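# Inside the fold
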Amino acid sequence: MLPFLKYEFLQNAFLTGIMVGLLAPVLGVFIVVRRQALIADALSHITLAGIAANLLLGKWSSFFAAANPIYMGMAFSVGGAIFIEQLRKVYKHYEELAIPIIMSAGIGLSVIFISMADGFNTDLFNYLFGSIIAVKRSDVWTVFAILVVVLLFVFFMYKELFVLSFDEEQGKLSGIRSNWILVAFMAITALVIAASMKIVGILLVSALMTLPVAASIRIAKGFKQAIWLSVLFGEISVIAGMFLSYYLDLASGGTIVLCLVVILFLTILYKKFTGSRKVGHL
Amino acid sequence: MNNNIGSIAIRVDDLSFHYGDKNVLQHVTMEIKKGSFLGLVGPNGSGKSTLIKCILGLQKPQEGHVFLFGEKVNKFNDWDKVGYVSQKANSFNTAFPATAFEVVSMGLFGKVGLFRFLKASDKNKVWEALRSVKMDQYAHQNIGELSGGQQQRIFIARALVSDPELLILDEPTVGVDTESSDSFYKMLKELHRENNMTLVLVTHDVGVMTNYVTDVACLNKQIHFHGNTKEFEESSSENMSAFYGHHVHVLHHDHGHE
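Residues numbered from 1 in each chain as written. Chains lettered and ligands numbered in written order. Predicted model: local features only at pLDDT ≥ 70, side-chain atom pairs only at ≥ 80, totals over all residues. Heavy atoms only, no water.

### So, the overall build of chain B
When helices and strands are counted, chain B shows 9 helices and 10 strands. Counting all 258 residues of chain B, 53% fall into the buried class. Long-range contacts, defined here as pairs at least 24 residues apart, represent 67% of the contacts in chain B between residues at least 6 apart. Entry remark: accessible area of chain B is about 11600 Å², with carbon and sulfur atoms responsible for 46%. (Helix = DSSP H or I, 4+ residues; strand = E, 2+ residues; numbered from the N terminus. Buried < 20%, exposed > 50% of the residue type's maximum accessible area, 1.4 Å probe, protein only. Contact = heavy atoms within 4.5 Å. Areas by Shrake-Rupley, 256 points an atom, 1.4 Å probe, with all protein chains shown as cover.)

### Side note on the interface of chain B and chain A
In many reports, interface size means the accessible area that the parts give up when they come together. The interface of chain B with chain A comprises 40 residues on the first partner and 31 residues on the second. For the pair chain B and chain A, the interface holds 2 salt bridges. In this structure, A:Asp167 and B:Arg158 form a salt bridge, with 2.8 Å as the shortest nitrogen-oxygen distance. Taken together, the connections running from chain B to chain A amount to 7 residue pairs in polar contact (both at pLDDT 80 or more). Secondary structure elements with two or more residues in the side of chain B that touches chain A: α2 (100-105), α3 (109-112) and α5 (148-160) of chain B. (Salt bridge = Lys/Arg side-chain N within 4 Å of Asp/Glu carboxyl O. Polar contact = N/O pair within 3.5 Å; in protein donor to acceptor, adjacent residues only side chain to side chain.)

### So, the environment of A:Ile181
All names here are of chain A. Mapped onto the secondary structure, Ile 181 falls in helix α10 (residues 178-200). Along the backbone, Ile 181 and Arg 34 are 147 residues apart, and their C-alpha atoms lie at a distance of 14 Å. Residues in contact with Ile 181, not counting those within four places in the same chain, are Phe 153, Met 157, Glu 160, Leu 161, Leu 164 and Ile 176.

### Description of helix α1 (residues 48-55) of chain B
Residue and element names in this part refer to chain B. Counting buried positions along α1 gives 6 out of 8 residues, so the element sits mostly inside the fold. Regarding α1, the residues found buried are Lys 48, Thr 50, Leu 51, Ile 52, Cys 54 and Ile 55. Positive backbone phi, at 75 degrees, marks Gly 57, one or two positions downstream of α1.

### Observations concerning helix α2 (residues 39-60) of chain A
With 22 residues, α2(A) extends 33 Å from end C-alpha to end C-alpha; this agrees with the ideal 32 Å at 1.5 Å per step. The element α2(A) is largely enclosed, with a buried count of 18 among its 22 residues. (Expected span 1.5 Å × (residues − 1).)

### A short note on the nonpolar core
In terms of nonpolar packing, the biggest core is built from 144 residues, with A:Leu43, A:Phe223, B:Ile154, B:Ile156, B:Leu169 and B:Leu188 touching the most fellow members. The next biggest cluster of nonpolar side chains, apart from the first, holds 32 residues, and it includes B:Leu56, B:Val82, B:Tyr84 and B:Leu166. (Core = buried A, V, L, I, M, F, W, Y, C linked by side-chain atoms within 4.5 Å.)

### As for the pattern of salt bridges
Residues and elements named next belong to chain B. Under the definition given, this model contains 8 salt bridges over all chains. In this structure, Asp 13 and Arg 11 form a salt bridge, with 3.8 Å as the shortest nitrogen-oxygen distance. The buried category is assigned to Arg 11, whose relative accessible area is 17%. Among the salt bridges present, the one from Asp 78 reaches Lys 81, with a minimum N-O distance of 3.7 Å. Using a relative accessible area of 37% as the deciding quantity, one classes Asp 78 as partly exposed.

### A short note on the confidence of the model for chain A
The predicted model of chain A has a mean per-residue pLDDT of 87, with 95% of residues at 70 or higher. Segment residues 277-282 of chain A is flagged for pLDDT under 50; beyond a separation of four residues in sequence, or across chains, it makes 20 contacts in the model. (pLDDT = per-residue confidence, 0-100.)

### Here we look at the environment of B:Asn196
All names here are of chain B. Among the secondary structure elements, Asn 196 is positioned in the loop between α6 (178-195) and β8 (198-203). Since its relative accessible area comes to 58%, Asn 196 is described here as exposed. Placed 31 residues apart in sequence, Asn 196 and Glu 165 show a C-alpha to C-alpha distance of 8.0 Å. When near neighbours in sequence (up to four residues on either side) are disregarded, Asn 196 contacts Gly 35 and Leu 191.

### Remarks on the sheet that holds strand β4 (residues 63-68) of chain B
Reading across the sheet, the 4 strands line up as β2-β1-β4-β5 (chain B) and stay open at both edges, with antiparallel pairing between neighbours. Because the sheet does not close on itself, it has two edges, and the strands there are β2 (22-33) and β5 (71-72) of chain B. (Pairing = 2+ DSSP bridges.)

### Focus on the environment of A:Val32
Residues and elements named next belong to chain A. Looking at where Val 32 falls in the secondary structure, it is placed in helix α1 (residues 8-33). In this structure the C-alpha to C-alpha distance between Val 32 and Val 257, which are 225 residues apart in sequence, comes to 17 Å. In this structure, Val 32 is in contact with Thr 210, Val 213 and Ile 217, ignoring residues within four places of it in sequence.

### A closer look at the state of the cysteines
All names here are of chain B. Tallied over the full model, the rule gives 0 disulfides over all chains. Between Cys 218, a free cysteine, and Cys 54, which holds the nearest cysteine sulfur, the sulfur-to-sulfur gap is 19 Å. Classification of Cys 218 as buried rests on a relative accessible area of 1%. (Disulfide = S-S within 2.5 Å.)

### Some remarks on the sheet that holds strand β6 (residues 82-85) of chain B
Residue and element names in this part refer to chain B. The strand order across the open sheet formed by 6 strands is β6-β7-β8-β3-β9-β10, and the pairing between neighbours is mixed. Across the chains shown, the open sheet's two edge strands, defined by having one partner strand only, are β6 and β10 (222-228). Put simply, the sheet's adjacent strands are angled 15 degrees from each other on average, direction ignored. One ladder, built from 6 bridges, connects strand β9 (residues 215-220) with β10; its direction is antiparallel. Counterpart to Ala 217 in the pairing with β10 is His 226. Contacting β6 and β7 (166-170), α5 crosses the sheet at an angle of about 165 degrees to β6. On the sheet, α6 packs against β3 (37-41), β7 and β8 and is oriented at approximately 155 degrees with respect to β8. (Axes fitted to C-alpha atoms, helices over the stretch in contact; angles between N-to-C directions.)

This is how it looks when you write it as structure tokens:
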């Protein structure tokens, strides 16, 4: 075994990282092609509010002090996701407004909860920027459960998610019940965001969802290939980023995101040199 | 009317639609026979696309009813009998990472059903549909890399892949160059002749269309004319000028067909 992995906390971080490196890009593909890349940002900020709420409640109640704040974060995140879908219906012609509304509500709540809990502590700092030493064994199992749910959902709903991402009208004509699928998708996205934050941190979760996709859609042939490449780029960045984080003693979120940025630039350069071809004309 | 109910593909019954206080469609009543190739024409803003969306159940009219194959549209379930190429097909996200093959296979998803996957026989159907629009050699190209005319063929293939009995096309040649749109119309005519399919073609391109369709309907909030192409041509100048509000010549193009 790698010397790196002899400590339990590093095993935890590594296992969680590998799962998150798969989950975030898989959902990210659907989010990006639906032009909702910013949703991940909105949801991560509402997740922060949940975590801050748990830290605050922990001051008063031993139940919350003992609870893993990730669960409260998930509850807030899923609530925020459902609220976004509702807001999108209220503002039919300004769908993107839902995102800043939820995002600012999330930040506002977080700031209030944090100040009520007498300011920042290390715990909170870890949630903001990600830390590989803060991952507990219970986090690994939580993320594993989410992994199973997400993979089953995407595997069995692939057709539906694909059509709805490309062309909602066609989806409706195929008799697809778009509403509940989209709400379920948002709820699952919220879970993955909450699951990813220990590793990459709340401020950088959306990067892990969108940057691998931004790189893959430059070069992928087809949707399935876009998914595979996104996962590949996500995994490379998470693994390389965690190594760098450990050996150079840097915040893991930052090293992972910088690896993603490097990959993104490489794909852009690759595309530039191989050139984009328009195929024939009729 | 009831004695020939089995021969009617679409029946629109006293349909009215408005957005807020703006009337889009007023008391539209029409029947489209099975096996006909109808050109639905009208100026911009005449409600053509809205009528199509009401027919497909994508919009709910405030008054009136639509029947597809004798079934009320909100109860209609055989959506794989219906193929639709929307106007939006011209303005989809061209950077979407999907191959032509993947786009066409979407047309089968309703038939395949929830929690199921495409079988080998389904994939053969996708190939068949791609061949029928002569796009099989581009199957593994991303849709965004194809030209406008080629993309349009892919969307037709998507509509055809479930073997529909009725194919509805909303302004399919907008943004496609003349040469491509001519070969496109020819392809539609072949599809109509060979498969005995009912076609509804929405267009403002009155001149070219009359060379291909069997029936014409003119819509401008109301139906102003609905008959076969011959009747339309005989009455066309007065119809058209009343209809568009100025004098219009229907141009006859000959593209080498008898």
